[in-house]
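Structural description and commentary
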Amino acid sequence: MVGIGVLLYASIDWSTIVDLSNDPGKVRLHTDDKDTVKRFERAVVFTVYFFVPVILLLLSGLGFVLLRRRGWMLASIAQALTMLACLFFYGVSRPWFVYPIIAYSILLILLLNSRSVRAVVHRRRLTPSEARTEIASGE
Amino acid sequence: MANEEGIDARTAEELLRRFEPVIRFTRGEWFYPVDCEPYVDACSLWVKRPDEDAVCVVPAGELTLERLAQQPEDTTGAVHYLKIPDPKRDENLGRRARRRAQRSHTDPDWPKQTFHAGRGRLARVGYISRLAAALFSLVLLARGRVPGGDVEGGRVLYGRYMEEGERFTYHGNVVRQDGWIVLRYWLFYAFNDWRSNYFGANDHEADWEKIFIYLSESEDGEVRPEWVAYAAHEEAGDDLRRRWDDPELEKVGEHPVAYVCVGSHATRFFRGEYLTELAFPLPRAISAVRRILRRFWYVTLRQYADEDYREKPYEQFTIPFVDYGRGDGLSVGPGQDREWDPPRMMTPVPDWISDYRGLWGLYTQDPFEGEDSPAGPMYNRDKTISREWFDPVGWAGLDKVPTRAEELEVITARRAEIEDRQESLRSELREKSDRLRELGMDAEATRDRSHLSKLHEKGTRDITELSTEVETLREQLSNDEVLARSLEEHAASLKKGERPPAHAHIMHAARPVSEAETHAGRVAQLWASVSIALVLVTLILIIAYERSHLLGALVFAIAVFAFIEASFRRRLTRFIVSVNVALAIVGTLVLLEHFFWSVIVLAVLVVGLYILWENLRELGS
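Calculation rules
- Residues numbered from 1 in each chain as written.
- Chains lettered and ligands numbered in written order.
- Predicted model: local features only at pLDDT ≥ 70, side-chain atom pairs only at ≥ 80, totals over all residues.
- Buried ≥ 20, exposed ≤ 12 C-beta atoms within 10 Å, placed from the backbone.
- Helix = DSSP H or I, 4+ residues; strand = E, 2+ residues; numbered from the N terminus.
- Pairing = 2+ DSSP bridges.
- Axes fitted to C-alpha atoms, helices over the stretch in contact; angles between N-to-C directions.
- Parallel < 35°, antiparallel > 145°, perpendicular 65-115°, else oblique.
- Left-handed = near helix turned anticlockwise from the far one by under 90°.
- Contact = placed C-beta atoms within 7 Å.
- pLDDT = per-residue confidence, 0-100.
- Core = buried A, V, L, I, M, F, W, Y, C linked by C-beta atoms within 7 Å.
- Expected span 1.5 Å × (residues − 1).
- Nonpolar A, V, L, I, M, F, W, Y, C, P; charged D, E, K, R; others polar.

Residues and elements named next belong to chain B. A large share of strand β4 (residues 79-83) lies buried, amounting to four of its five residues. Pairing of strand β2 (residues 44-48) with β4 involves five bridges; the strand directions are antiparallel. Bridge pairing in β4 places Trp 46 opposite Tyr 81.

Written as structure tokens, this is what we have:
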């Protein structure tokens, strides 16, 4: 996702963008090229939507090393957010990059919920309530 | 088949009294085990013939157990049933019984106290179950059901009986079957008010429950209790019974302790609250699709399951209810709050048991039968003989278990049988091996001789057949040897007094829900109570005011409700997994929609490459 972000920013023709701000502490960008505006907007929206999942994924990586259960939870939440962002993009403009991210997210969701991974991160605790409930139909 | 051979009424009563159970009720119980005679005396007898209105054949006050046994006006398709008298018809008695009931709240000597469902009853089940439970209640209006006034009638009838003196009675019967002596304690309750008063699944007039104790008898006539089985709803099989030396089986001296659930009178081994499910089979097509999806998800994709994945023979839809077996109320039995009165003996079997095949209370014609009263101890509702009557040993899954006194005898007999079979197998094997060798020589002698080719082909076929037979015989012989050795080892361990684990026979133990689940927080309970109404109101508001973003708003609202629910029920992990799975499914559909042909081409390419790889690997090896 970071790679896609870099690619999106790299595809912007920065030479057509000028800084109109006179104040050294502020940036005010302007361009007349509509294609550049579109690319710039897309890159910014991508950053807004995928920034949190990327940070969460980095934290989950750390979590897996330190505290497995938390890491798994963070990774799952990150995947949910990533998928939601992709589906939003898909509904609005169907950009090319949503498809590989969706495919990657599906695989990761299946991996995170696979028996081998869950067995490591969620050691099953059998409580009495996990025993079978009764089947009643009369008396 | 169970029989009463060698057991007279006196011996039967002595055995019943020696091992009679201690029963612990839940605070708030209205109906305790009583003698069925006063109940029958107070009821009227009705008969319902197909396509006709029910008619009263014996009015209240004239019915007796003897009259009941005659089952008057019996015809094809007729259903006989008893009916509790309407309390309004006898105002004096009704008022007196009501006064008694009111007094019970303040009288410390009287066990009835107000029942509290406690926090978390609704919080224990999810939205779908809550909605299904609400629909189930609505469906009751269309189904046959016990009218609300009948509960009052049952209370008045029972109150009248207790007014004459508190009595706690069971019905006893002792039989022999397959080496076992079975003590059968039949508990009769005037009413099952589980639905009306304890948020349960059903109500019905009259309730027959049972506790069976299985004794073995030594050569000198000493009896020893070995197993005990408690009835819960309509279950049968191994899970119902516990071994007498099971450390989990609570006993007071020689008396097993049972916890009776309030209203339903289901009998349990442990005190607590049980999540009981009413099961309805799903339509075959839906069931098949669900089974395929489950297999794909858990087996093919190797996805995680909370319980070990098991292929279910049939899929079913369940509505959960809570069975309260808290054991904090009255305790009846030897040395308890109340002692048992002398039992009503059913040895020899009285006519009112064997000859009355009708129901013991109102016949509501409920298609699910839950609201219909039960038949007596001997019969099912459809008038067939009940398994617990003719096969009490098989009912609790003991038909495969010999008594302790017979165990070594059974092993010795089995080993003798195996040895005989091994002898005959060895002889047959010798004979066939010799024949196989002869055929082998024939085949060798006829090979590559054109004029003997047919003979050679036939010989080869015979060799193949005989080889298979010899292989099967050798396998049988080998299995028998292993089995004989195992039996020998098992006999040795039994001689040393060792026993297999007490829970080895239990597949699914019925256990109460955990303390944590029982005590959900106040907010969780409040949420559980209002959530269904809130969901419905939200849906209506979305449909009314957000039609332009209907799908998005619905998804968002459902997600928010599901998140709150999951938080209260401490199931956030499951919630996140469910959300991810749902998103993955939508994502898959998106990919399929966009890359359908590419996916097909890629799949074919992958299969082609795999086949190529396999073939090349074979060439290289």
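Picking up where we left off.
Here the bond from Thr 347 of chain B into Pro 348 of chain B is cis, since omega is -5 degrees, no more than 30 degrees from zero. Along the chain, the position of Pro 348 of chain B falls in the loop between β16 (344-345) and α9 (351-354). Although it is not a glycine, Arg 94 of chain A adopts a positive phi angle of roughly 50 degrees. Positionally, Arg 94 of chain A belongs in the loop between α3 (68-92) and α4 (98-112).

A separate point is the environment of Gly 61 of chain B. Residue and element names in this part refer to chain B. When you line up the elements, Gly 61 lands in the loop between β3 (55-58) and α3 (65-70). Taking the C-beta count within 10 Å as the criterion, Gly 61 has 10 such neighbours and is therefore assigned exposed. The spatial distance from the C-alpha of Gly 61 to the C-alpha of Ala 42 is 5.6 Å, given a sequence separation of 19 residues.

Moving on: the packing of α4 of chain A against helix α17 (residues 572-620) of chain B. Orientation of α4 of chain A relative to α17 of chain B, taken along the N-to-C sense of each, is 140 degrees, at an axis distance of 9 Å. When the axis of α4 of chain A is compared with that of α17 of chain B, the two are oblique. α17 of chain B is crossed by α4 of chain A, and the crossing has left-handed handedness. On the side of α4 of chain A, the interface is formed by Tyr 99, Ile 102, Ala 103, Ser 105, Ile 106 and Ile 109 of chain A, while α17 of chain B contributes Asn 580, Ala 584, Gly 587, Thr 588, Val 590, Leu 591 and His 594 of chain B.

For the rest of this paragraph, the subject is the confidence of the model for chain B. Residues and elements named next belong to chain B. Scored by pLDDT, chain B has a mean of 85; 88% of the residues are at 70 or more. Predicted confidence is poor over residues 104-111, with pLDDT under 50, and the contacts of this stretch with residues over four places away or in other chains come to seven contacts. Both scores are given for the predicted complex: the pTM is 0.72, the ipTM 0.78.

So, about the sheet that holds strand β9 (residues 241-243) of chain B. Pairing between the strands of a sheet comes from backbone hydrogen bonds, and it takes one of two forms, parallel or antiparallel. All names here are of chain B. Pairing is mixed across the open sheet formed by six strands, whose spatial order is β9-β8-β7-β6-β5-β16. On the outer flanks of this sheet lie β9 and β16, each paired with one strand and no other. Each of β5 (171-177), β6 (180-192), β7 (204-217), β8 (223-230) and β16 is contacted by helix α1 (residues 9-19), which is oriented at about 105 degrees to β5, the strand it contacts most.

Attention shifts here to the nonpolar core. Nonpolar side chains in soluble globular proteins generally cluster together in the buried interior. Counting 100 residues, the largest nonpolar core has Val 182, Leu 183 and Ala 190 of chain B as its most contacted members. Of the residues forming this core, the biggest block, 11 residues, is contributed by β6 of chain B. Setting aside chain neighbours within four positions, we find Val 182 of chain B in contact with Ala 2, Val 174, Val 175, Gln 177, Phe 212, Tyr 214, Pro 392 and Val 393 of chain B. Residues Phe 46 and Leu 56 of chain A together with Val 579 and Leu 583 of chain B belong to the second largest nonpolar core, which totals 25 residues.

So, on to helix α8 (residues 284-300) of chain B. All names here are of chain B. Between its terminal C-alpha atoms α8 stretches 23 Å, which fits the 24 Å expected from 17 residues at 1.5 Å a residue. Across the 17 residues of α8, zero count as buried, placing the element largely on the outside. With its phi angle positive at about 50 degrees, Arg 302 sits one or two positions after the end of α8.

Glancing now at the packing of helix α16 (residues 550-568) of chain B against α17 of chain B. Residues and elements named next belong to chain B. Between α16 and α17, the least distance of the axes is 8 Å, while the angle of their chain directions is 150 degrees. Between α16 and α17, the angle is such that the two are roughly antiparallel. Note on element contacts: α17 touches α16 through Leu 572, Arg 574 and Phe 575, opposite Ala 562, Phe 563, Ala 566 and Ser 567. Here the contact of α16 with α17 is composed, by residue class, of five nonpolar, one polar and one charged.

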